[in-house]
Amino acid sequence: MRKTLEALYYGNINPTETPPQKNSRYWQLSKKADKAYDQVQQILTESQRLAFEEYVSLHLSAQAELEAEAFIRGFRLSSHIILEALIDGDFNDAVCTSE
């Protein structure tokens, strides 16, 4: 536990730095989105391109906020489940003791 907490404290744990696996569903969708983005950029005027860039930037910011909230809710739920398992008497029945 101490090793994990130290790694977290020193910033050595960052799951978002792990790139998606090549040929994963996310990777494939990302490549398609990049291609579509490039196609749209080619047909826009300069003023349209600026407006589109603003839209994309705001949308990505909103998506990042949503992902952060989902992470927090998931972390809280898993913490709640772990605490419930530890507080509940059933956990002790599953642990082998030397008594």
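Scroll up for the structure.
Note that the structure is predicted; figures quoted are calculated from it, not measured. (Residues numbered from 1 in each chain as written. Predicted model: local features only at pLDDT ≥ 70, side-chain atom pairs only at ≥ 80, totals over all residues. Heavy atoms only, no water.)

As for the pattern of salt bridges
Line of reasoning, step 1. For the structure on display, the rule yields 2 salt bridges.
Line of reasoning, step 2. For glutamate 6, the salt bridge identified is with arginine 2, shortest N-O distance 3.0 Å. Of the two residues, glutamate 6 and arginine 2 both sit in helix α1 (residues 2-9), 4 residues apart, roughly one turn of that helix.
Line of reasoning, step 3. In this structure, the salt-bridge partner of arginine 49 is glutamate 46, at a minimum N-O distance of 3.0 Å. Here glutamate 46 and arginine 49 lie together in helix α3 (residues 46-87), a separation of 3 residues that amounts to about one turn. (Salt bridge = Lys/Arg side-chain N within 4 Å of Asp/Glu carboxyl O. Helix = DSSP H or I, 4+ residues; strand = E, 2+ residues; numbered from the N terminus.)

Some words on the packing of helix α2 (residues 25-43) against α3
Line of reasoning, step 1. Contact geometry of α2 with α3 gives a least axis separation of 9 Å together with a crossing angle of 150 degrees. With respect to their mutual orientation, α2 and α3 come out roughly antiparallel. Every pair of crossing elements has a handedness; the one defined by α2 and α3 is right-handed. Along its contact with α2, which presents Tyr37, Val40, Gln41 and Ile43, the element α3 presents Gln48, Arg49, Phe52, Glu53 and Val56.
Line of reasoning, step 2. Classifying every residue of the contact of α2 with α3 gives 5 nonpolar, 2 polar and 2 charged. (Axes fitted to C-alpha atoms, helices over the stretch in contact; angles between N-to-C directions. Parallel < 35°, antiparallel > 145°, perpendicular 65-115°, else oblique. Left-handed = near helix turned anticlockwise from the far one by under 90°. Contact = heavy atoms within 4.5 Å. Nonpolar A, V, L, I, M, F, W, Y, C, P; charged D, E, K, R; others polar.)

So far we have only geometry, and geometry alone does not tell us how the molecule works.
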